[in-house]
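# Notes for the structure review
For reference, the chains in residue letters:
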Amino acid sequence: MYKDTKFGFYLKSAKKLKMFLRTKKINLSPIKQIELLASKIPDAVSLAQGIPSFDTPAVVKKAAIKALNRGVVAKYSLTYGLPELRETIEQKLAEEGMYYDFEKEIIVVAGSIEAITASLITIISGKKNEIILFSPSYASYAEAVKVAGGKPVFVNLTEENGWQIDFKSLVGKINSKTAAILFCNPNNPTGTIFSRKDLLKIADLAEKKKFFIISDEIYKDFIYSDSNDFSGRLFSLAQIPELRKKVIRIFSLSKAYAMTGWRIGFLHSDEENVKEILKVHDSLVTCAPVISQYAAIAALDFADSEVKRFCREFQERRDLICRHLDDLSDFFSYQKPNSSYFVFLKLLPKRNSWQFALDLLEKARVAVVPGVAFGPSGESHIRISFGRSEKDINEAMRRIKEFFKHD
Amino acid sequence: MTDIFKRVVQFKLKWFAKIYLWRIKPYVIVVAGTVGRHWIKEAVKESLTEKNFSVRTNKKNFNAEIGLPLSILDLPSGEGSFSNWIKILWLAMRKVFSPKLKSKPFDEFLVLEMAIDRPANMNYLLSIVKPGTVVLTAVTMIYRENFEDLDEIALEYRRLIKALPRNGLAILNFDDERIMGLARRANCRIITFGLKEGADFTAKNIQKISDGQKFEIGGLRQSVKINRFGKHHLYAALVKEIIRNNFKEHQKEFFSKLRIL
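Residues numbered from 1 in each chain as written. Chains lettered and ligands numbered in written order. Predicted model: local features only at pLDDT ≥ 70, side-chain atom pairs only at ≥ 80, totals over all residues.

### Some points on the overall build of chain B
Regarding its fold elements, chain B presents nine helices and nine strands. Compactness check: chain B gives a C-alpha radius of gyration of 19 Å against a globular reference of 18 Å for 261 residues, within 12% of the reference. With respect to the principal axes defined by its C-alpha atoms, chain B has extents near 55 × 45 × 40 Å. Burial status across chain B gives 39% buried among its 261 residues. If you take every contact in chain B between residues at least 6 apart in sequence, the share linking residues at least 24 apart comes to 64%. (Helix = DSSP H or I, 4+ residues; strand = E, 2+ residues; numbered from the N terminus. Rg over C-alpha atoms; globule rule 2.2 N^0.38 Å. Buried ≥ 20, exposed ≤ 12 C-beta atoms within 10 Å, placed from the backbone. Contact = placed C-beta atoms within 7 Å.)

### Details of the overall build of chain A
A tally of regular secondary structure across chain A gives 14 helices and 14 strands. In summary, chain A has a C-alpha radius of gyration of 21 Å against a globular reference of 22 Å for 407 residues, a match within 12%. Oriented by its inertia axes, the alpha-carbon framework of chain A measures out at about 60 × 55 × 50 Å. For chain A, long-range pairs separated by at least 24 residues make up 74% of all intrachain contacts whose partners lie at least 6 apart in sequence.

### What about the environment of A203 of chain A?
All names here are of chain A. The residue A203 is located in helix α8 (residues 196-209) in this model. Owing to 18 C-beta atoms within 10 Å, A203 belongs among the partly exposed residues under this scheme. It is 8.6 Å that separates the C-alpha atoms of A203 and V247, two residues lying 44 residues apart in sequence. Excluding its chain neighbours within four sequence positions, the residues that come into contact with A203 are I213, L237, L243 and K246.

### Some details on the interface of chain A and chain B
If you look at the interface, chain A gives 21 residues, while chain B gives 16 residues. Counting residues per element, the ones that place at least two in the side of chain A that touches chain B are α3 (58-70), α4 (83-95) and α11 (290-302) of chain A. Of the residues assigned to the side of chain A that touches chain B, the class counts are nine nonpolar, two polar and ten charged. (Nonpolar A, V, L, I, M, F, W, Y, C, P; charged D, E, K, R; others polar.)

### Considering helix α5 (residues 112-123) of chain A
An α-helical segment advances 3.6 residues per turn. Residues three or four places apart therefore align on the same side. Residue and element names in this part refer to chain A. In this model α5 runs 16 Å from its N-terminal to its C-terminal C-alpha over twelve residues, within 8% of the 16 Å that 1.5 Å per residue would give. For α5, the buried fraction is high: twelve of the twelve residues fall into the buried class. Those residues of α5 not exposed but buried are S112, I113, E114, A115, I116, T117, A118, S119, L120, I121, T122 and I123. (Expected span 1.5 Å × (residues − 1).)

### Brief notes about the domain arrangement of chain A
Residue and element names in this part refer to chain A. The assigned domain composition of chain A is domain 1 (27-55 + 306-406) and domain 2 (58-302). The straight-line distance from the C-alpha centre of domain 1 to that of domain 2 is 25 Å. Taken together, the contacts link 31 residues of domain 1 with 32 residues of domain 2. Contributions of two or more residues to the side of domain 1 that touches domain 2 are made by α2 (30-39), α12 (304-326) and β11 (342-347). A per-element tally of the side of domain 1 that touches domain 2 places α12 first, with six residues. (Domains from an automatic or database assignment.)

### With respect to the environment of V224 of chain B
All names here are of chain B. Inspection of the secondary structure puts V224 in strand β9 (residues 222-226). Looking at V224, the number of C-beta atoms within 10 Å reads 17, which means it is partly exposed. Each C-alpha atom of the pair V224 and M114 lies 28 Å from the other, and the pair is 110 residues apart in sequence. When residues no more than four places from it in sequence are discounted, the contact partners of V224 are F215, I217 and A237.

### Topic: helix α14 (residues 390-406) of chain A
All names here are of chain A. Taking 1.5 Å of rise per residue, the 17 residues of α14 would be expected to cover 24 Å, and the 25 Å separating its terminal C-alpha atoms lies within 8% of that figure. If you check which residues of α14 are buried, you get I393, A396, M397 and I400. All buried residues of α14 lie within an arc of 95° about the axis, which places them on one face of the element. Exposed and facing more than 90 degrees away from the buried side of α14 are K391, K405 and H406. Residues of α14 that are buried sit in contact with β1 (45-46), α12, α13 (353-364) and β12 (366-367). (Arc of directions from axis to C-beta.)

### Topic: the environment of C322 of chain A
If you trace the backbone, C322 of chain A turns up in helix α12. Separated by 210 residues in the primary sequence, C322 of chain A and S112 of chain A place their C-alpha atoms 29 Å from one another.

### So, the pairing of strand β4 (residues 151-158) of chain A
All names here are of chain A. Inspection of the sheet shows strand β3 (residues 130-135) paired to β4 by six bridges, in the parallel sense. Each bridged residue has a counterpart across the sheet, and for I132 the counterpart in β4 is V153. Of the pairings in the sheet, the one linking β4 to strand β5 (residues 164-165) comprises two bridges and is antiparallel in character. When the bridges of β5 are listed, T158 appears paired with Q164. Connecting the antiparallel pair β4 and β5 is a turn made up of five residues, with G162 showing a positive phi of about 70°. (Pairing = 2+ DSSP bridges.)

### Observations regarding the packing of helix α2 (residues 37-50) of chain B against helix α8 (residues 231-246) of chain B
Residues and elements named next belong to chain B. Relative orientation of the contacting elements α2 and α8 amounts to 30°, with a least axis distance of 8 Å. The angle between the axes of α2 and α8 places the two elements in the roughly parallel class. Crossing of α2 over α8 shows right-handed handedness. Where α2 approaches α8, its residues W39, I40, E42, A43, V44, E46, S47 and L48 are matched on the opposing element by H232, H233, Y235, A236, A237, V239, K240, I243 and R244. (Axes fitted to C-alpha atoms, helices over the stretch in contact; angles between N-to-C directions. Parallel < 35°, antiparallel > 145°, perpendicular 65-115°, else oblique. Left-handed = near helix turned anticlockwise from the far one by under 90°.)

### Some points on the confidence of the model for chain B
Reading fine detail from the predicted coordinates is not recommended where pLDDT is low. Chain-level pLDDT for chain B is 89 on average; 92% of the residues reach the 70-or-more range. Looking over chain B, one finds the lowest element-wise mean pLDDT in helix α9 (residues 251-260) of chain B, namely 53, and the highest in strand β4 (residues 133-136) of chain B, namely 97. (pLDDT = per-residue confidence, 0-100.)

### So, the nonpolar core
Core analysis: the biggest nonpolar cluster contains 124 residues, and A180, A299, V366 and V368 of chain A have the highest contact counts within it. In terms of residue count, α11 of chain A provides more of this core than any other element does, eight residues in total. Mapping this core onto the domain boundaries places at least three of its residues in each of domain 1 (27-55 + 306-406) and domain 2 (58-302) of chain A. Residues in contact with V366 of chain A, not counting those within four places in the same chain, are V45, L47, L360, L361, A396, R399 and I400 of chain A. Ranked by size, the runner-up nonpolar core spans 68 residues in total, among them L110, I128, V129 and L169 of chain B. (Core = buried A, V, L, I, M, F, W, Y, C linked by C-beta atoms within 7 Å.)

### So, unusual backbone geometry
Cis peptide bonds are those with omega within 30 degrees of zero, and the linkage from N185 of chain A to P186 of chain A qualifies with -5°. When you line up the elements, P186 of chain A lands in the loop between β6 (178-184) and α8. For the bond running from N188 of chain A to P189 of chain A, omega is 20°, close enough to zero to count as cis. One non-glycine residue with positive phi stands out, namely N52 of chain B, at about 65°. You can see N52 of chain B is positioned in the loop between α2 and β2 (55-57).

### Some points on the sheet that holds β9 of chain B
Each strand in a sheet pairs with another by means of backbone hydrogen bonds, the pair being arranged parallel or else antiparallel. Residues and elements named next belong to chain B. The nine strands are arranged β2-β3-β1-β4-β5-β6-β7-β8-β9 in an open sheet whose pairing can be described as mixed. Only two strands of the sheet have a single partner each, and these edge strands are β2 and β9. Averaged over all pairs of adjacent strands, the angle between strand axes in this sheet comes to 20°, irrespective of strand direction. Running over the sheet, α8 touches β4, β5 (169-173), β6 (189-194), β7 (201-209), β8 (212-218) and β9 and is turned about 135° from β7.

Written out as structure tokens, the structure is:
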């Protein structure tokens, strides 16, 4: 630990030497900030971070142990990832109507945020440095853009229209500096599933204005059976062969297979893009954790029934949390999500979401994420996760109800 | 599963699989090699299905000591559950000793991936199944931790090639030197595929197009378009063509005779 005086000296020196110019513009994700604060409060219940309450499926853990005992995890893998894992990924993708070459078009990554950052660093160059992000969308996107030396440009989703894309606003934000659009489908924090029609409109714009599409599909496996605007599987632009050179699709095993701590996922795109992203991936991490790569093979091959079970349970938890929220209709309004495991609540009356989140943490010992973390239009909202256990959800909602009694 | 229980399960499954094969007598095509087995297996299946044969393949990665017999018996894995494995052994026994086994529509072809990860693995797998045709994809550095070098891996595939009967067929990747080195050991007919000049079935004038690949199959002067990307899909397309050309519909009867032999 530095003494205050010593720390102050370092800060002053850094300022003088104009150090940390890039990182000064970057903030620690508010989700992590809230988690840090919550960790200091004994018995706080966290509905903040999107961590599923489940443990990694047994079949996955066994595969990792087996690999460990075989002595095959101590060395780097190829930068692309283990060939046998990439072959499995290619097979999985083909089942979903996406055809990519495991040898040249798939990279195994250390979680989706590494894939996003590597893709952004690859894409952003010179004057083409603006990245379109939807607001609200995942809090770390904007910071990843800044890490890559780019500028996040927010396009508001329209709440009254089920958090769908406002194309008029989107078209207005696209210019010659636009390098890419980055979105999460289904969207975090709103759970919105973007329609095929809207995604094709984005593709059309990308083709005309020459920018990339980065599609983060981490929640694709959590789409609820009672969803009205969705039938069958999630549509992905990566399914359209003509868009291969435009689309970089990212998937992580963190949420679907309850493997957030394993840091494992993959990205795929046309060979032309992937060989460039590979250079950045190599300089960032060399390769994804090898033990996690062996675990991922087992997950993709044998854990689909577990994913379905998680999805069924999340749907039940969503219904549970919505029943609680209906009791709080004087304080929140919300749209029932069709996917992911978040509800994005509008605060009634309008109020500062950071302050509200801090109050709730301090007085009710419940951690939630302030809506402003997800972009400017997220202000006066909070995100709550129903990825936690039923017990946690019930306890958190009981405390929130108590909080409003005394508010 | 404890080691002892695992060995018991493995032993019993092996014998149930052998009895099943003895009773049903399907024609077995084995797809082996360290990479690219899946798409070749699918291509072989597609080619035979087009000819209206009934074909079954391994499920997922059921291709080693326990997975292979499960694939042959068409049973799921018991995973880590003792009671599940007991149930599976019971189902296997019922299946293979059922008097109705042969009265049901059965598999004319079994297309099986075989995976090895340590020396002598192949001997064990060959003690379960005798292939009529073998497709060898490539010998690469995967699984190298249990082998001295690539030649030691190739030795395993040599065992597979040597296990083929005289009227069998070895379909070999011409682009892989080690695999071609095995050709000398074969006592049966050999057909090669690859991208290099000299293969019996070769892909020429390969073009990557927006929705896949276009190429010509050398020798046949036939133009093919596939909606997949990567060299391994060219190989799969070539093997599909080899199967199409060598397993004619009227040979059904021929294979029945083979089964009697």
